[in-house]
Amino acid sequence: MSFFSLKFLYLVLGFLAAIFSVFHADASAQDQAEEDLSFEMLLAGIKHYDNAIRSGEGKCTYTYESFGMHGNSTKMYTWKALLTFDQHRTRMALEESRSSNKIHWPETVLIVTEMGTWEVIYHEPEKPSYYFQTKTELDSLRDRVDPRRWLAIVKGQDLPTYLTEEKFYIVKRGVLNNIPCYVLAAKNIPNPDSSQQMMKTDKFWISPEHGFRYLKHEIQLPRKVDSLDGSRKKGTPTVVRVSISYQQFGDLWFPKVVKQENARIAPNGEEHIYLRITLEVKDFKVNHIISPDTFTVDIPDDITIYVEDLRRKLTKKEFLKRYGQK
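Given the structure is predicted, the values throughout are model-derived calculations rather than measurements.

Draft legend 1. Fine view of the overall build of the protein chain. Broken down by element type, the protein chain carries 6 helices and 17 strands. The 326 residues of the protein chain split such that 42% are buried. Summarising the internal contacts of the protein chain: among those between residues at least 6 apart in sequence, 49% fall at separations of at least 24. Working note: accessible area of the protein chain is about 19,100 Å², and carbon and sulfur atoms make up 53% of it.

Structure representation (structure tokens):
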């Protein structure tokens with residue numbers, strides 16, 4: 001090989017080595033940046049993106065199904081609702097409700113503001129019934145139809161508070177459904193109520209790439225009491241698993257499909273599902289302008305309003321005198 005050919009070969013090899021070193025340095029820096037995400041950084045990311053979602057509107061379909069010992073469906077109902085929210089104000093119009101026992105609930109509109117909660121039930125062919133209470137939140141059942149409940153609330157707490165109080169820590173970095181994430185776990189505490197001394201486990205899979213949303217939440221623990229039908233005894237190992245897929249709005253991520261499954265764990269490790277919940281979100285808009293009139297109630301002059309706090313009905317005049325316009 002001539003001197004010039006050898007020199008040219010060295011130049012090419014040197015150039016390739018330089019490219020590799022730059023690429024490797026960038027990759028290492030990226031890996032290091034990812035590794036540097038601490039528990040506190042994850043909490044800050046969750047809070048930031050929770051607060052960034054201010055308003056929203058779209059269709060929600062909530063399905064609840066329970067199963068017997070042999071896997072047969074014993075109970076099912078579905079609620080379809082048009083949900084609108086702006087900060088702490090919420091309007092949920094339950095458009096269609098049906099159940100396995102052929103019971104259909106009437107069309108119902110729920111409106112929650114800082115002042116209280118309205119429930120307007122449309123009976124056919126009767127006039128609508130009006131109910132009001134000063135509680136400023138949806139009941140636990142209707143709350144499940146709201147995707148925000150699954151987005152950031154666990155046991156009535158926002159997710160960062162829950163993760164902090166339950167003393168979660170980062171177990172590892174991983175991949176779930178081809179999405180990079182952090183696996184967080186709560187410290188294991190023996191449950192004294194369990195004769196099997198099963199250790200409670202509580203884990204989250206959180207993805208910074210998806211706006212610090214959790215992709216999966218799984219709890220394993222023994223039952224504290226027997227089930228009402230006697231099919232699940234106290235101490236039976238149980239798993240509750242929630243998985244969420246998301247839709248993207250700019251740099252924000254909002255639930256698209258939520259799935260929860262509760263299962264008892266047989267001695268051989270096989271899981272037997274006894275409850276399944278699904279929430280599907282469609283045609284949603286996030287952070288657009290919503291008219292304040294959306295959260296007002298037009299009270300007819302000839303109706304009475306049942307006030308839960310007083311346990312009695314008020315005329316429109318009496319209601320406005322006591323509570324003002326809601």
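Draft legend 2. Structural context of unusual backbone geometry. Positive phi is not limited to glycine here, since Asn178 has a value of about 65°. Phi angles above zero are rare outside glycine, and Asn287 is one such case at about 60°. Tracing the backbone through its elements, the reader meets Asn287 in the loop between strand E15 (271-286) and strand E16 (304-307).

Draft legend 3. Focus on the pattern of salt bridges. Summed over the entire model, instances satisfying the criterion amount to 12 salt bridges. Where Arg241 meets Glu271, a salt bridge forms, and the shortest distance between an N and an O atom there is 3.0 Å. Here Arg241 is found in strand E13 (residues 237-249), whereas its partner Glu271 is found in strand E15, with 30 residues between them in sequence. With its nearest N and O atoms 3.0 Å apart, the salt bridge here joins Glu261 to Arg276. Residue Glu261 is found in strand E14 (residues 252-265), and its partner Arg276 is found in strand E15; the two are separated by 15 residues along the sequence.

Draft legend 4. Structural view of the side chain of Ser129. Within the element layout of this structure, Ser129 appears in strand E6 (residues 129-133). Discounting residues that sit within four places of it in the chain, Ser129 has contacts with Glu119, Val120, Ile121 and His123.

Draft legend 5. Molecular detail of the nonpolar core. Residues Met92, Leu163, Phe168, Leu184, Phe204 and Phe284 are the most contacted members of the largest nonpolar core, which totals 56 residues. Broken down by element, this core gets its largest block of residues, 7 residues, from E15. Counting residues in hydrophobic clusters, the runner-up holds 17 residues, among them Val120, Phe132, Val307 and Tyr323.

Draft legend 6. Structural view of the packing of aromatic side chains. Using the criterion set out here, one finds 18 aromatic pairs in the structure. Put simply, the rings of Trp118, Tyr130, Phe132, Phe319 and Tyr323 pair up and form one aromatic cluster. The lysine or arginine in question, Arg149, covers the ring of Trp150, its NZ or CZ lying 4.5 Å from the ring centre. Over the aromatic face of Trp205 sits the side chain of Lys216, whose NZ or CZ is 4.6 Å from the ring centroid.

Draft legend 7. A look at the confidence of the model for the protein chain. Averaged over the protein chain, the pLDDT score is 84; the fraction of residues at 70 or greater is 80%. Overall, residues 1-34 carries pLDDT values under 50, and its contacts beyond four positions in sequence, including any with other chains, amount to 4 contacts.

Draft legend 8. Seen up close, the side chain of His217. Examined against the element boundaries, His217 turns out to sit in strand E12 (residues 213-222). Within the structure, His217 has its side chain in polar contact with the side chain of Asp202 (distance 2.7 Å). Setting aside chain neighbours within four positions, we find His217 in contact with Val154, Asp202, Lys203, Phe204, Val240, Arg241 and Val242.

Draft legend 9. Seen up close, the environment of Tyr274. Within the secondary structure layout, Tyr274 lies in strand E15. Sequence spacing of Tyr274 and Asn72 is 202 residues, and the spatial spacing of their C-alpha atoms is 9.2 Å.

Draft legend 10. Just helix H2 (residues 39-52), in detail. Between its terminal C-alpha atoms H2 stretches 20 Å, which fits the 20 Å expected from 14 residues at 1.5 Å a residue. Taken as a whole, H2 has its buried residues at Phe39, Leu42, Leu43, Gly45, Ile46, Tyr49, Asp50 and Ala52.

Draft legend 11. Seen up close, the pairing of E14. Within E14, 10 of the 14 residues are buried, which leaves the element mostly enclosed by the surrounding structure. Bridging between E13 and E14 involves 12 bridges; their strand directions are antiparallel. Bridged to Arg241 within E14 is Glu261. Here E14 pairs with E15 via 9 bridges, running antiparallel. Within the sheet, the bridge partner assigned to Lys259 lies in E15 and is Thr278.

Draft legend 12. Molecular detail of helix H6 (residues 316-323). Among all positions of H6, only Lys316, Phe319 and Tyr323 are buried. Relative to the axis of H6, the buried residues are bounded by an arc of 60° and lie together on one face. Residues Lys317 and Lys321 are exposed on H6 and point more than 90 degrees away from its buried face. Its buried side turned inward, H6 meets strand E5 (117-122), E6, E16 and strand E17 (312-315).

Draft legend 13. Representation of the environment of Arg213 in the model. Relative to the helices and strands, Arg213 is located in strand E12. Judged by relative accessible area, which is 2%, Arg213 ranks as buried. It is 7.5 Å that separates the C-alpha atoms of Arg213 and Trp253, two residues lying 40 residues apart in sequence. Setting aside its immediate chain neighbours within four residues, Arg213 contacts Ile46, Tyr49, Asp50, Ile53, Leu151, Trp205, Ile206, Ser207, Tyr246 and Trp253.

So, how was this worked out
Residues numbered from 1 in each chain as written. Predicted model: local features only at pLDDT ≥ 70, side-chain atom pairs only at ≥ 80, totals over all residues. Heavy atoms only, no water. Helix = DSSP H or I, 4+ residues; strand = E, 2+ residues; numbered from the N terminus. Buried < 20%, exposed > 50% of the residue type's maximum accessible area, 1.4 Å probe, protein only. Contact = heavy atoms within 4.5 Å. Areas by Shrake-Rupley, 256 points an atom, 1.4 Å probe, with all protein chains shown as cover. Salt bridge = Lys/Arg side-chain N within 4 Å of Asp/Glu carboxyl O. Core = buried A, V, L, I, M, F, W, Y, C linked by side-chain atoms within 4.5 Å. Phe/Tyr/Trp six-rings, centres within 6.5 Å; stacked < 30°, edge-to-face > 60°. Lys NZ or Arg CZ within 6 Å of the ring centre and 35° of its normal. pLDDT = per-residue confidence, 0-100. Polar contact = N/O pair within 3.5 Å; in protein donor to acceptor, adjacent residues only side chain to side chain. Expected span 1.5 Å × (residues − 1). Pairing = 2+ DSSP bridges. Arc of directions from axis to C-beta.

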